[in-house]
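# Commentary on secondary and tertiary structure
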Amino acid sequence: MRTYQLLILSLLFPLIASAQFRIDVGEGKVLTLSQAIQAWDVVSFRMHNSFYSVDSRNDFYIRRGRIAVEGDVRSSLTFSVAVAYDGIAKDRYTPTAGSPNDNNDSFYFWNVEWVWSAAPEFNVVFGYFRPQVGREQMSSEFNVISFDKSLADGQPRLHLVGRSSGREGGVNIGGLFLRDGWSLNYNVGMFDPSAAAIIANGLKWSPLLTGRLALSIGDPELTKYKISYSQVGNGARHGVTIGLNAARQGATDVFKSNALYGGDLLVNAGPLDLAAEVDWMRRAYHPSYLETIPPIEVPVEPTTDYVYSLKLGWRFPLGEEQAVEPMLMATGERAEEAVGWHSFNPSTGSRSRDLYDVGVNWLIDRDRVKLNLHYVWGREYWNSNPYYSYIGVGTQLLY
């Protein structure tokens, strides 16, 4: 879609949505339209770049944009289709996550899913969506404590499906058991990775199998089964959720096997929001051959990279519909170095790095309107000029 079409649609959508947020299509069926946007102004102080001396800069851009349509096919079958426009007008040297939107005209499918609910304890999701492993990569980008997602978001997605969006075609069976004082959320899935980074030419094929089990003590994390999550308790929840995650895929043209194992913790205790996670990403490789006569098989040892994240926020209410939440985040990624490489795993793309975030979020109507002021700094160990820092001012609108 061309830039001017995208901008006109984005500007007109609030007017359309305010008048027709819910559209009655007859037979008791309703379509719901929604949009979410994050607009950032990033002032960079230190720039990490291995090859050039890069000036500090001020960059105003659209970090994320989503337009979604959802509704009911039947009383037990719902659907959701979301498209994304990210990185609009981003400077390619700004040291934040995410890529610039080339020519500012990329407008692509983000989520396409159907959910059949036989009972709260048994639901089937199919379509193009996130495999249910790892809290950070499953959490909505619009419901996190930090300025942006932690490092526990990006590399697990790339490791499993080879896409920064983390989406893949597949099917997931999951459910929610709600009991007095505790609840249990489970998910098991099978996906068909199609990115070249995972399958190369696709001559070998294996499914990606995933599983997650999350136990909540106290108030439930979810009151209805869904596959998108929030890290924010909005001052109302008093509960703890412990999650265990696992994923594995067999041989493809790229590897002999690929796996992720990890755990996560979410604590919402009134004003306190705490989210923590660690994931290990293991990959085993096909043996290589020396071109001798006869060829000599050389075994290649598996590698294991890992990511971790810790976030802490404390909510101060400002009346009934507003709150201010100061927060802290420390997150990191560690790559298993290959011979001849520094802090980098060329087989997985993992890089050793650290990122820290201290800031404050002003939340209005939960987080439908969110204003941010954050200072972020970090280190890219593999880079000859490894340090970077910036101040980010953000506006989030959900409608």
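In every chain, residue numbers begin from 1 and rise along the written sequence. Owing to the predicted nature of the model, reporting of local features is limited to residues with pLDDT of at least 70; listing and counting of side-chain atom pairs is limited to 80 or more, with chain, interface and lining totals taken over all residues. Excluded from the side-chain calculations are hydrogens and water; all other atoms, namely the structure's heavy atoms, are used.

### A look at the nonpolar core
Note that soluble globular proteins tend to have their nonpolar side chains buried in a common cluster. If you look at the biggest cluster of nonpolar residues, it comprises 19 residues, and the most contacted ones within it are Val125, Leu160, Leu208 and Ala247. Breaking this core down by element, the ones donating at least two residues are β6 (122–129) and α3 (151–161). The greatest single-element share of this core, amounting to three residues, is contributed by α3. Any two residues whose heavy atoms approach within 4.5 Å at even a single point are treated as in contact. Other than its neighbours up to four places away in sequence, alanine 247 contacts Val133, Leu160, Leu208, Leu209, Thr210, Asn258, Ala259 and Leu260. Among buried residues, the Ala, Val, Leu, Ile, Met, Phe, Trp, Tyr and Cys ones that are joined through side-chain atoms within 4.5 Å form a nonpolar core. Buried means the residue's accessible area, taken with a 1.4 Å probe over protein chains only, is under 20% of the maximum for its type, while exposed means over 50%, and partly exposed covers the values in between. Runs of H or I in DSSP of at least four residues are treated as helices and runs of E of at least two as strands, each being numbered from the N terminus.

### Brief notes about the environment of tryptophan 377
By the secondary structure assignment, tryptophan 377 is in strand β21 (residues 369–380). Sequence spacing of tryptophan 377 and leucine 266 is 111 residues, and the spatial spacing of their C-alpha atoms is 24 Å. Residues within four places of tryptophan 377 in sequence aside, it is in contact with Asp354, Leu355, Tyr356, Asp357, Val358, Tyr388 and Ser389.

### Details of the pattern of salt bridges
If charged atoms from side chains of opposite charge come close, those side chains can pair. By salt bridge we mean one thing: a side-chain nitrogen of Lys or Arg within 4 Å of a carboxyl oxygen of Asp or Glu. Inspection of the entire model under this criterion finds 18 salt bridges. Among the ionic pairs, glutamate 221 bridges to arginine 135, the shortest N-O distance being 2.7 Å. You can see glutamate 221 sitting in the loop between β9 (208–218) and β10 (238–249) and its partner arginine 135 sitting in helix α2 (residues 135–138), a full 86 residues away along the chain. By the burial criterion, glutamate 221 is buried, and arginine 135 matches it. Between arginine 157 and aspartate 153 there is a salt bridge whose closest N-O contact spans 3.2 Å. You can see arginine 157 and its partner aspartate 153 sitting in helix α3, four residues apart, about one turn around the helix. For the pair shown, arginine 157 and aspartate 153 are each scored as buried. Connected through salt bridges with shared partners, the residues Arg66, Asp86, Glu141, Lys149, Asp153 and Arg157 form a single ionic network.

### Here's the deal with the side chain of aspartate 367
Locating aspartate 367 in the fold gives a position in the loop between β20 (353–364) and β21. It is lysine 370 that comes nearest to the buried, bridge-free aspartate 367 among opposite-charge side chains, at 5.1 Å. Not counting chain neighbours up to four residues away, the residues in contact with aspartate 367 comprise Phe142, Asn143, Gln396 and Leu398. Only four residue types enter the tally: Lys and Arg on the positive side, Asp and Glu on the negative side, with His and both chain ends excluded.

### Focus on the environment of aspartate 305
Note on placement: aspartate 305 falls in strand β15 (residues 303–314). Looking at aspartate 305, the relative accessible area reads 0%, which means it is buried. Discounting residues that sit within four places of it in the chain, aspartate 305 has contacts with Asp279, Trp280, Met281, Arg334, Ala335, Glu336, Asn345, Thr348 and Ser350. Nitrogen and oxygen atoms within 3.5 Å of one another constitute a polar contact, given that in protein one can donate a hydrogen and the other can accept it, and given that sequence-neighbouring residues count only through two side-chain atoms. A distance of 2.8 Å separates the side chain of aspartate 305 from the backbone nitrogen of glutamate 336, its partner in a polar contact. Within polar-contact distance, the side chain of aspartate 305 engages the side chain of asparagine 345 at 3.2 Å.

### Describing the pairing of β20
Where strand β17 (residues 322–334) lies against β20, twelve bridges are found, and the strand directions are antiparallel. Within β20, the residue paired with alanine 323 across the bridge is leucine 363. Here β20 pairs with β21 via twelve bridges, running antiparallel. Bridge pairing in β21 places aspartate 357 opposite valine 376. The turn linking β20 back onto β21 is made up of four residues, and aspartate 365 within it adopts a positive phi angle of 55°. In short, DSSP must find at least two bridges between two strands for them to pair.

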